[in-house]
Every structure is written in C-alpha cells, then in structure tokens.
Amino acid sequence: MKNTEKKDKFRTIDLVYIALGAVIIAVCSWISIPTAVPFTMQTFAVFLILSVLGGKRGTIVIIVYVLLGAIGAPVFASFTSGIGILMGSTGGYIIGFILMGFTYRLIIALFGKKIWVEILAMVIGLILCYTFGTVWFMILYSQANGPVGLATVLTWCVIPFIIPDMIKLALALTLSRR
C-alpha cells in the first residue's frame, strides 16, 4: 500500500511541476521585445525547465505549453495563441522547443547530468530549434512573399538571437543550480 501511495504522490507532484513549468514558459513568452521574430524570455524558460525538471518532465512541459497555445490559451509572445500562430512563419521556432526537449533528454540519458553535458545538450537543442524554425520560416515566407535567401533569414531570425540565447542559457543553468 505504501508503494502505491508514493507512486500517486509522485504522479501528482509531476502534474504540478508540469503545470507550473507551462505557466513559467507562458509568462516568460509575454516578456517580449517585438521584432520580426519576437525577442522573448521563452528560451530562458525552456532552458530552466529542462535543467530543473529533467528531460522527461521538461519535454512534457514544452509539449503542454505548445498544445495550450494551439487550443487557444494566450501563451505565446504578445498574448497570442492558436494554430494560426504555430502554422505561421515563426511557428517553427515554437515547435522547435520540443526538439530542444527531446535532444536534451537524449544527450543527458547518454552522458549523465554533468554541467558540460547540459550545456552541450542545450546548445545542440538550440541549434536544432534554429534549424527547424529557419527552414519553416523560409518555406512559409517564400510562399507568401517570394523567394528569400538563407543568409537573409539567418540575419532576421537567428544571428540577432545567438548572444541573448547564450546569456539566457547561462542564466538558466546558474539559477537551476540554486
């Protein structure tokens, strides 16, 4: 009976952590400087959630966050939501957060949760997010406005965010250690 009680408590606490994690990402997405791709604290929250909750629960948090936005909860940048945002030109970056979670979970499972492994996992996850989001952006932007070059899209959507995202990563890892 005691094992059942512990499992029930663990599941309940997991649900609480997942809900709180989704709220943290949502609140951080509302902290925004509008540009072509909004400069938000979403990436900071994703890094923090993955480091604090681990790859499994962290990835579930990200999926819950994306699903909340998809069904209409205003959790994305500028209090937006809906399938239209996810299917829009910048939606690939939001969906790319899920890739970050899976990447983090895989790398941590393979090499353990050491600081250098976490940094590596988050950087590789961020590169995959950038790659997926950039391809997504190029396809949708080109369909709506005509062809656009990779260098142009990288200048708009990736390069301005590299240093801020590295600062967010460092801040998230620092906070997660406390």
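See the structure printed just above.
Predicted, not measured: the structure shown is a model, and the values here were computed from it.

## Observations regarding the packing of aromatic side chains
Applying the stated criterion to the full structure yields seven aromatic pairs. Residues W30 and F79 carry aromatic rings whose centres are separated by 4.7 Å and whose planes lie at 25° to one another, so their mutual orientation is stacked. One end of the pair, W30, is in helix α1 (residues 2-30); the other, F79, is in the loop between α2 (42-70) and α3 (83-86), and 49 residues separate them in sequence. A residue is classified by how much of its surface remains accessible, and W30, at 32% relative accessible area, is partly exposed. Grouped by ring-pair contacts, the aromatic residues F137, Y141 and W156 constitute a single cluster.

## Re the pattern of salt bridges
Within the structure shown, the criterion is met by three salt bridges. The partner of D14 in a salt bridge is R57, with the nearest N and O atoms 2.9 Å apart. Taken together, the positions of D14 in helix α1 and R57 in helix α2 put the pair 43 residues apart, joining distant regions of the chain. Of the two residues, D14 and R57, both sit in the buried class. Across the pair R177 and E118 runs a salt bridge, and its minimum N-O distance is 2.3 Å.

## A word on helix α7 (residues 159-176)
Helix length check: α7 (18 residues) gives 26 Å between terminal C-alpha atoms against 26 Å at 1.5 Å per residue, within 8%. For α7, every residue scored as buried is listed here: F161, D165, K168, L169, A172, L173 and S176. At its buried positions, α7 is contacted by β2 (39-40), α2, α5 (115-145) and α6 (150-157).

## Re a nonpolar patch on the surface
On the surface, a cluster of nonpolar side chains totalling about 970 Å² of accessible area is made up of L99, L106, L110, F111, I115, W116, I119, L120, I124, L128 and F132. For the nonpolar patch, the secondary structure elements donating two or more residues are α4 (91-111) and α5. Take L110: its relative accessible area is 58%, and that puts it in the exposed class.

## Concerning unusual backbone geometry
Positive phi, close to 60°, is recorded for S78, a residue that is not glycine. The backbone phi angle of F79 is positive, close to 60°, even though this residue is not glycine.

## Description of α5
The periodicity of an α-helix, 3.6 residues per turn, causes residues three or four places apart in sequence to face the same way. With 31 residues, α5 extends 43 Å from end C-alpha to end C-alpha; this agrees with the ideal 45 Å at 1.5 Å per step. Just downstream of α5 lies G146, where phi reads positive at about 100°.

## Side note on the packing of α5 against α7
Closest axis-to-axis distance for the α5/α7 pair is 11 Å, and the angle between their directions is 145°. For the crossing formed where α5 meets α7, the hand is right-handed. Residues I115, E118, I119, M122, V123, L126 and Y130 of α5 form the contact with α7, whose own contacting residues are F161, I162, D165, M166, L169 and L173. By residue class, the composition of the contact of α5 with α7 is 11 nonpolar, no polar and two charged.

Scoring rules and cut-offs
Residues numbered from 1 in each chain as written. Predicted model: local features only at pLDDT ≥ 70, side-chain atom pairs only at ≥ 80, totals over all residues. Heavy atoms only, no water. Phe/Tyr/Trp six-rings, centres within 6.5 Å; stacked < 30°, edge-to-face > 60°. Helix = DSSP H or I, 4+ residues; strand = E, 2+ residues; numbered from the N terminus. Buried < 20%, exposed > 50% of the residue type's maximum accessible area, 1.4 Å probe, protein only. Salt bridge = Lys/Arg side-chain N within 4 Å of Asp/Glu carboxyl O. Expected span 1.5 Å × (residues − 1). Contact = heavy atoms within 4.5 Å. Patch = residues over 30% accessible without salt bridge, like charges linked within 9 Å, V, L, I, M, F, W, Y side chains within 5 Å. Areas by Shrake-Rupley, 256 points an atom, 1.4 Å probe, with all protein chains shown as cover. Axes fitted to C-alpha atoms, helices over the stretch in contact; angles between N-to-C directions. Left-handed = near helix turned anticlockwise from the far one by under 90°. Nonpolar A, V, L, I, M, F, W, Y, C, P; charged D, E, K, R; others polar.

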